[in-house]
Amino acid sequence: MSTSELIGAPAPAPTRTALPGTFLASELKLVLRRRRNLGMLGVLVAAPIVIGLALRASSSSGEGDGDAPAFLGEVAGNGLFLGFSGLLLLMPFFLPLAMSVVSGDSIAGEASAGTLRYLLIVPAGRGRLLATKYASCVLFGLITTVLVVTSGMVTGAALFSAGDVTLLSGTTIGFGETLWRALLMAGYAAVLLGGLAAIGVFVSTLTEVPVAAMATVAAIPVLSQILGLIPQLSWLHPWLLTDTWSVFGDFLREPIMTEAIGRGLLTHAGYAVIFLSFAWARLTMRDITS
Amino acid sequence: MTATANRLQRFTLSKRPWAVPAIITATVVTAAVAVPVFADADSELPEKSPAEVLASVAQAHEVPFAGTVVHSADLGFPELPVSGGDVSPLSLLAGATTARIWYSDPSSFRVALHGDLSETDVIVNDDELWYWNSEENTVRHHEGSLWPGEGDPDESGAGFATPGAALSNEAMAGLFLAWLTPTSDVSVDGTASVAGRAAYELVIRPDDERSLVDSVRLAVDGEHGVPLRIQVLAADGGDPAVEIGFTSVTFTEPEASVYEFTPPAGATVEEFDVEQWWSDKHAPQHDEDPFTAMDDIEVDVSEDGWASVITITGIEMADVTGQLEELTGGQGQGELGDLTGILDAFLNDMERVEGPYGSGVGFTSRLFSVLWLDDGRMLIGAVDLDVLEEAAA
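Where an unreviewed UniProt entry is consulted, chain B appears under the name DUF2092 domain-containing protein, with the organism given as Phytoactinopolyspora halotolerans.

The name given to chain A in an unreviewed UniProt entry is ABC transporter permease subunit, and the organism recorded there is Phytoactinopolyspora halotolerans.

As structure tokens, then:
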């Protein structure tokens, strides 16, 4: 390891040891600069704002919210809750959809644009290309979840009162603790999306048509959720990707209930390792012609 | 050494890349399957007799613990339209429920029943009792002695509050065994592993072959005597019909902060007197009782061990549906959820039966049967329907 790497200077480094971060940074910039991805990010960030406005309108018109889920009712009492609610509402479909688009595009997009072979001409190695692509997907997921929670909390605080938050256990927590839990939830959601991203990157190595990869990846959480509803398959349920996608409530208990969350982290790490290794094998084997 | 490693690497990387994901998948799957199995591996415990195991249970109220309990029931009921939220008591009849328990001693413990995005807590801290329901945003608070007066020791585990007052643990265990043995076979079936703890498994098996209960299995922690799991197995085999057990447990004193409760701002707080409630519950209150039309109900139990039949006379079907509708304001939605819907679900699942005893409807689940006759008699027992029909004749 050279000294320039240790101090992290951008360096007149020899070509073979380009800084580990620069490749990733440029990749992430590419993902974030793509108009399609920015559009999705905008829609996701706007969702909590729309929910907040709708709740505001219904609560000021004095209608009972008898049919609304209880956690949405909490928002009227404390705006900060909207950060949690936004994540809960977007996790079953819209967040994984955005991740499917980004991860499904990762390799297949380069292949269809004819840029994959140029990427592989630089002596970066296919494994490193894959790692960078995956890391940029995961970072995109983290940025999305953090932004969704932030937009929810800011909207909630602006439209409703923002004081202490009452947890499901009836305990009241202050602003700092609320922020910490929101960050934990966003991080957990990002890990869930990271598991899906590994599948997405793998599917993306299989085809040169990005749309096909995106559609396939988007179907996977839906399929997993359907399987999760079939009681005869209960033996399979703990292994399903989406089995631990709805445990966000456990972050809102005092003390935090870690069992299902820990299981979720482990399953998603398992999914990520398995599918990344398959993606690596596929990319190594493949003749890159475009 | 390095040459071999190099060759190995070249082999896997260039010629057989698919071997890498195959090995990784196999490793991950094996680890995921094997680790829980290893954690649950039987550990050796010195042999104990049923009486010794029961005596250790009688002592268990002195042991502080914290853990997660999962309850699951598979009684073979029809699909119940349980709508009163995930934390309705009726949700215990089918499916699975999770609860967390913290316990220091009989006067400081907390039970939290988890719903998907809701929680019901009961917190007892010295002479304070808090009840919290997150869905209704209500708090009930009681201050003062918890268990009903000393003159009423049979109710609600008052023996719990005065442990070992009269009898030693061994004597209590002996009495319990003496009560069980005429009808059942009690044994210790080696050791089981529950929540990673080695436990004695006490098996109570009915002698009576007509019983729908195959056995009741109680797993008792080998070190502390705390009951870790209870399973009721049905005679038809298969998964336990009812199972309540720890999925994780630690035997350390819980932090005092878990017993602290301050009603959150905006919640409805209701002062609540347990003693008053107990006496209300037990005093006859004919003018307020919604079931006034059922005054003539009589309950009779045939003494027949596990095959005992409970006979309730004076329940007319029309009365019950009428009462339920009145009780729930014609909407079928009570505090417990969709009551009339549940009754309908049961009635749909019942078969018409006829015999020398008259006619009515019969219902069999994995653990018990119900025979409801048109003359207003209802027979319930942990036996097959034909035993009930015999009893009815």
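Right, picking up where we left off after that structure.
Let's shift gears to helix 5 (residues 169-180) of chain B. Residues and elements named next belong to chain B. If you check helix 5, its first and last C-alpha atoms are 17 Å apart, about what 12 residues at 1.5 Å a residue would give, namely 16 Å. Asn169, Ala173, Leu177 and Leu180 are the residues of helix 5 that are buried. Within helix 5, the buried residues cover an arc of 70 degrees as seen down the axis, which keeps them to one side. Exposed and facing more than 90 degrees away from the buried side of helix 5 are Leu175 and Trp179. On its buried face, helix 5 is in contact with helix 3 (50-59), strand 7 (184-194) and strand 8 (197-206).

This part is about a negative patch on the surface. Residue and element names in this part refer to chain B. Side chains of Asp126, Asp127, Glu143 and Glu271 sit close together on the surface and give a patch of like negative charge. Note that Glu271 resides in strand 12 (residues 268-271). Classification of Glu271 as exposed rests on a relative accessible area of 59%.

Here the focus is the nonpolar core. Grouped together as the largest cluster of nonpolar side chains are 71 residues, with contacts concentrated most on A:Leu87, A:Met91 and A:Phe248. With 14 residues, the top contributor of residues to this core is helix 10 (residues 175-206) of chain A. Residue contacts for A:Leu87: discarding those within four places in its chain leaves A:Leu95, A:Thr145, A:Val148, A:Val149, A:Met185, A:Ala186, A:Ala189 and A:Phe248. Grouped together as the second largest cluster of nonpolar side chains are 20 residues, B:Leu180, B:Val213, B:Val216 and B:Val242 included.

Turning our eyes to something else, we now look at the UniProt feature "transmembrane region" (unreviewed entry) in chain A. Residues and elements named next belong to chain A. When the UniProt feature table is mapped to this numbering, "transmembrane region" (unreviewed entry) covers residues 38-55, 75-95, 134-160, 180-204, 211-230 and 260-281. Note that residues 38-55 is 100% helix and 0% strand, and that its end C-alpha atoms are spaced 26 Å apart. Segment residues 134-160 splits into 96% helix and 0% strand. End C-alpha atoms: 39 Å apart.

This paragraph deals with the interface of chain A and chain B. In this assembly, 28 residues from chain A lie in contact with 31 residues from chain B. Interface area for chain A against chain B, summed over the two sides, is near 2,400 Å², with a carbon-plus-sulfur share of 67%. If you look at where chain A meets chain B, you find 1 salt bridge. We note a salt bridge from A:Arg253 to B:Glu119, for which the minimum N-O separation is 2.8 Å. On the surface where chain A and chain B come into contact, there are 11 residue pairs in polar contact (both at pLDDT 80 or more). For the side of chain A that touches chain B, the elements supplying multiple residues, two or more each, are helix 4 (70-77) and helix 12 (259-285) of chain A. The greatest single-element share of the side of chain A that touches chain B, amounting to 11 residues, is contributed by helix 12 of chain A.

A few words on the environment of A:Ala135. With respect to the helices and strands, A:Ala135 occurs in helix 9 (residues 126-159). The class for A:Ala135 is partly exposed, based on a relative accessible area of 24%.

The residue A:Thr178 is located in helix 10 in this model. Look at A:Thr178 and you get buried, because its relative accessible area is 0%.

Under the criterion given, the structure shown has 22 salt bridges over all chains. With its nearest N and O atoms 2.6 Å apart, the salt bridge here joins B:Arg217 to B:Asp189. A residue pair is termed long-range when its members are at least 10 positions apart, and B:Arg217 in strand 9 (residues 213-221) and B:Asp189 in strand 7 qualify at 28 residues. Accessibility expressed as a relative area gives 15% for B:Arg217, which makes it buried. Residue B:Asp214 pairs with B:Arg205 through a salt bridge whose shortest N-O separation is 3.5 Å. Among the charged side chains, a network of salt bridges with common partners joins A:Asp250, A:Arg253, B:Arg110, B:Glu119 and B:Asp121.

To continue, consider the confidence of the model for chain A. Detailed reading of the predicted coordinates is not advisable wherever pLDDT falls low. All names here are of chain A. The pLDDT averaged across chain A works out to 85; a share of 86% of its residues lies at or above 70. Ignoring residues within four places in sequence, the model shows residues 1-17, a span with pLDDT below 50, making 9 contacts including any to other chains. For the stretch residues 62-66, pLDDT sits under 50, and the model shows 2 contacts to residues farther than four places along the chain or on other chains.

With that out of the way, let us pick up the pairing of strand 5 (residues 128-133) of chain B. Taken residue by residue, a regular strand's side chains alternate between the two faces of the sheet. Residue and element names in this part refer to chain B. For strand 4 (residues 119-125) and strand 5, the ladder comprises 6 bridges, and the chain directions are antiparallel. The partner of Asn125 across the bridge, within strand 5, is Glu128. Strand direction decides the pairing type here: strand 5 and strand 6 (residues 138-143), joined by 6 bridges, are antiparallel. Looking across to strand 6, one finds that Asn133 is bridged to Thr138. The antiparallel pairing of strand 5 with strand 6 creates a hairpin that spans 4 residues between the two strands, and Asn137 there sits at a positive phi of about 60 degrees.

It is worth spelling out the packing of aromatic side chains at this point. Applying the stated criterion to the full structure yields 15 aromatic pairs over all chains. Ring geometry for B:Phe65 and B:Phe246: centres 5.6 Å apart, planes at 90 degrees, overall edge-to-face. Linking B:Phe65 in strand 1 (residues 65-74) with B:Phe246 in strand 11 (residues 242-250), this pair joins segments that are 181 residues apart in sequence. For B:Phe65, a relative accessible area of 10% gives the class buried. Ring-pair connections join several aromatic residues into one group, and the members of that group are A:Phe202, A:Tyr271, A:Phe275, A:Phe278 and B:Trp18. The side chain of A:Arg56 reaches across the aromatic face of A:Phe160, ending 5.9 Å from its centre.

Here we take up the sheet that holds strand 18 (residues 358-364) of chain B. To summarise the sheet geometry, strands pair through backbone hydrogen bonds and adopt either a parallel or an antiparallel arrangement. Residue and element names in this part refer to chain B. Taken in spatial order, the 6 strands of this open sheet run 13-14-20-19-18-17, and their pairing is antiparallel. The open sheet has two edge strands with one neighbour each: strand 13 (298-301) and strand 17 (351-355). Taken over all neighbouring pairs, the strand axes of this sheet differ in orientation by 20 degrees on average, direction set aside. Examined bridge by bridge, strand 18 and strand 19 (residues 369-373) share 5 bridges and lie antiparallel to one another. Each bridged residue has a counterpart across the sheet, and for Phe363 the counterpart in strand 19 is Val370. In this fold helix 9 (residues 385-392) packs onto strand 14 (309-313), strand 17, strand 18, strand 19 and strand 20 (377-381), with an angle of close to 40 degrees to the strand it touches most, strand 19.

Before going further, it helps to spend a moment on a nonpolar patch on the surface. Residues and elements named next belong to chain A. Taken together, the side chains of Phe93, Phe94, Leu97, Val222, Ile226 and Ile230 present a nonpolar region at the surface, about 480 Å² in accessible area. Elements that contribute at least two residues to the nonpolar patch include exactly helix 6 (94-106) and helix 11 (210-228). Within the element layout of this structure, Phe94 appears in helix 6. Classification of Phe94 by relative accessible area gives partly exposed; the value is 44%.

Residue and element names in this part refer to chain B. Where strand 17 meets strand 18, 5 bridges bridge the pair, whose relative direction is antiparallel. Residue pairing in the sheet places Glu351 in a bridge with Gly362 of strand 18. Count of turn residues in the strand 17/strand 18 antiparallel hairpin: 2 residues. Counted along the chain from strand 18 to the antiparallel partner strand 19, the turn is 4 residues long.

Cut-offs used in this document
- Residues numbered from 1 in each chain as written.
- Chains lettered and ligands numbered in written order.
- Predicted model: local features only at pLDDT ≥ 70, side-chain atom pairs only at ≥ 80, totals over all residues.
- Heavy atoms only, no water.
- Helix = DSSP H or I, 4+ residues; strand = E, 2+ residues; numbered from the N terminus.
- Expected span 1.5 Å × (residues − 1).
- Buried < 20%, exposed > 50% of the residue type's maximum accessible area, 1.4 Å probe, protein only.
- Arc of directions from axis to C-beta.
- Contact = heavy atoms within 4.5 Å.
- Patch = residues over 30% accessible without salt bridge, like charges linked within 9 Å, V, L, I, M, F, W, Y side chains within 5 Å.
- Areas by Shrake-Rupley, 256 points an atom, 1.4 Å probe, with all protein chains shown as cover.
- Salt bridge = Lys/Arg side-chain N within 4 Å of Asp/Glu carboxyl O.
- Lys, Arg positive; Asp, Glu negative; His and termini not counted.
- Charge placed at Lys NZ, Arg CZ, Asp CG, Glu CD.
- Core = buried A, V, L, I, M, F, W, Y, C linked by side-chain atoms within 4.5 Å.
- UniProt positions renumbered as here; feature names shortened; annotations may be inferred.
- Buried area = accessible area lost by both parts, 1.4 Å probe.
- Polar contact = N/O pair within 3.5 Å; in protein donor to acceptor, adjacent residues only side chain to side chain.
- pLDDT = per-residue confidence, 0-100.
- Pairing = 2+ DSSP bridges.
- Phe/Tyr/Trp six-rings, centres within 6.5 Å; stacked < 30°, edge-to-face > 60°.
- Lys NZ or Arg CZ within 6 Å of the ring centre and 35° of its normal.
- Axes fitted to C-alpha atoms, helices over the stretch in contact; angles between N-to-C directions.

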